[in-house]
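Analysis of the macromolecular model
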Amino acid sequence: MCSLFERESSSQSVKDFFDKRFKRLCISDINSDVEFIVGHEKVSIKGHKLFFSTASEVFYEMLAELSVVELVNIGPEGFKAMKEFIYTGEVSFSSMTHAVSTLVTAKKFLVPLLDLKCIEYIRDKHSSEVLQIYEEFKGENITHFNDTCFELFETITYDILESDGFLSAKSETIDLLLKLESLALSSELELFTFFEKWALAQAEREEISDECLGSHFNGLKKHIRFLTMSPKEFALSASKSLLLTKDEKLDIALNILCPGSTPYPDNLCPIQKKRKFTCSTTWNQL
C-alpha cells in the first residue's frame, strides 16, 4: 500500500494528523499532475497543481496550461525546499548555500513567508558566510541571486559586518556595501568604523604603511557621507582615523560646522542627505 495511507496513531492531534499527511503527499508522487525539470542537471520534481497554484500567483498563471515546466536557472535543492514549505509550512536547510538557493527561489515565485524563514536561518546560523557566498556566485547568472544578496546586505547589515568574513571581503564587495542607501546600522559613523576595520586589515595584508593609508583607499572612502555626521561624532571618532589626511579632516570639520565655508575635497562624498538606517539598537562608539 502507498505510504500516503500509513496507519495513524489515535493519540496524535488533528493538526499532527494533517501535517503528516501533507508531508507524505509532498514526498510521494501519487496523483501528481505537474512535472518541473529543474536546473542545468534537469532534475525531475513532480507535484500537484492545486498546491503550487494556491501558494503563488506566479504558479497559478504558469500552470494554467502547462503540465511540464522547465526551470533552467533555479537550483534543484532550493526548489525542493520551496515545495516542502508549500505543502507543509515547514522548511529545513542543510547549509548556507541551501538557504540562499531557497531564498532566490522564493523570490522568483513570490511564495509568501518563505523568504522570512530563509533570512531568519541565515541571520541566526550563517550571517558570516553571506559575503563569501555572494562573491562566489555573483557572476553565475542565477535568477534573482544578486538582488537577494543585496536585500540581505540591507536587512542583516550589522550581523554581516560584525562577522569575521567581512574583514577578508574583496574591495569590490566593500564598494557595493558602501553605496547602499539603506542599511541595518545606526549611523554613518558606525558604517565608517566598520569600513575602517576592513581597511586596516586590508592594509596589513598588502603591507601598506600608515603614511599611505590616507590616499590608498580613496576609491572606497569617497562613499562615506562624512557631512551627515554630527560635529561630536566627527570630532571624537572619525577625525582620529588614519584613513583621512590632515587636510581632509580640516575640510570636513569646517564643512560640518559651516557648510560651504571652504572648498570640499573632490575625492570625498559631498552628499549631505543621510542614508536610511534601520537598526533599532543605539550604537555608541563615543
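Below, the structure is looked at part by part. (Residues numbered from 1 in each chain as written. Predicted model: local features only at pLDDT ≥ 70, side-chain atom pairs only at ≥ 80, totals over all residues. Heavy atoms only, no water.)

**A look at the packing of helix α7 (residues 130-137) against helix α8 (residues 145-155)**
Two numbers describe how α7 lies on α8: the axes approach to 11 Å, and their chain directions differ by 160 degrees. Accordingly, the angle class assigned to the pair α7 and α8 is roughly antiparallel. Where α7 crosses over α8, the handedness of that crossing is left-handed. Contact with α7, carried on its side by V130, L131, I133, Y134 and F137, involves F145, N146, C149, F150, L152 and F153 of α8 and no other residues of that element. For the contact of α7 with α8, the class distribution of residues is ten nonpolar, one polar and no charged. (Axes fitted to C-alpha atoms, helices over the stretch in contact; angles between N-to-C directions. Helix = DSSP H or I, 4+ residues; strand = E, 2+ residues; numbered from the N terminus. Parallel < 35°, antiparallel > 145°, perpendicular 65-115°, else oblique. Left-handed = near helix turned anticlockwise from the far one by under 90°. Contact = heavy atoms within 4.5 Å. Nonpolar A, V, L, I, M, F, W, Y, C, P; charged D, E, K, R; others polar.)

**A word on the side chain of T102**
Here T102 is to be found in helix α5 (residues 96-109). The exposure class assigned to T102 is buried, which follows from its relative accessible area of 0%. Sequence-distant contacts of T102, defined by excluding residues within four places in its chain, comprise E77, G78, A81, M82, F93, L114 and C118. (Buried < 20%, exposed > 50% of the residue type's maximum accessible area, 1.4 Å probe, protein only.)

**Side note on the packing of aromatic side chains**
Within the structure shown, the criterion is met by 22 aromatic pairs. The interplanar angle of 50 degrees and the centroid separation of 4.9 Å between the aromatic rings of F36 and F79 together place this pair among those described as tilted. In this pair, F36 is assigned in strand β1 (residues 34-38) and F79 in helix α4 (residues 76-88), connecting sequence segments 43 residues apart. For F36, a relative accessible area of 0% corresponds to the buried category. (Phe/Tyr/Trp six-rings, centres within 6.5 Å; stacked < 30°, edge-to-face > 60°.)

**Remarks on helix α12 (residues 188-206)**
Across its 19 residues, α12 extends 26 Å between first and last C-alpha, which sits within 8% of the 27 Å expected from 1.5 Å per residue. Two residues or fewer after α12 comes E207, characterised by a positive phi angle close to 55 degrees. (Expected span 1.5 Å × (residues − 1).)

**Describing the pattern of salt bridges**
Under the criterion given, the structure shown has nine salt bridges. Two residues, E181 and R225, come together in a salt bridge whose shortest N-O distance is 2.7 Å. Of the two residues, E181 sits in the loop between α11 (171-179) and β4 (182-183) while R225 sits in the loop between α14 (218-221) and α15 (231-236), which places them 44 residues apart along the sequence. Here E181 falls in the partly exposed class, since its relative accessible area comes to 37%. One salt bridge in this structure joins R275 and E188, with 2.8 Å as the shortest N-O distance. Here the residue R275 occupies a position in the loop between α16 (246-257) and β5 (276-277), and E188 occupies one in helix α12, the gap between them amounting to 87 residues. Here R275 and E188 have matching classes, each one buried. Via salt bridges that share partners, K107, D115 and E151 belong to a single interconnected network. (Salt bridge = Lys/Arg side-chain N within 4 Å of Asp/Glu carboxyl O.)

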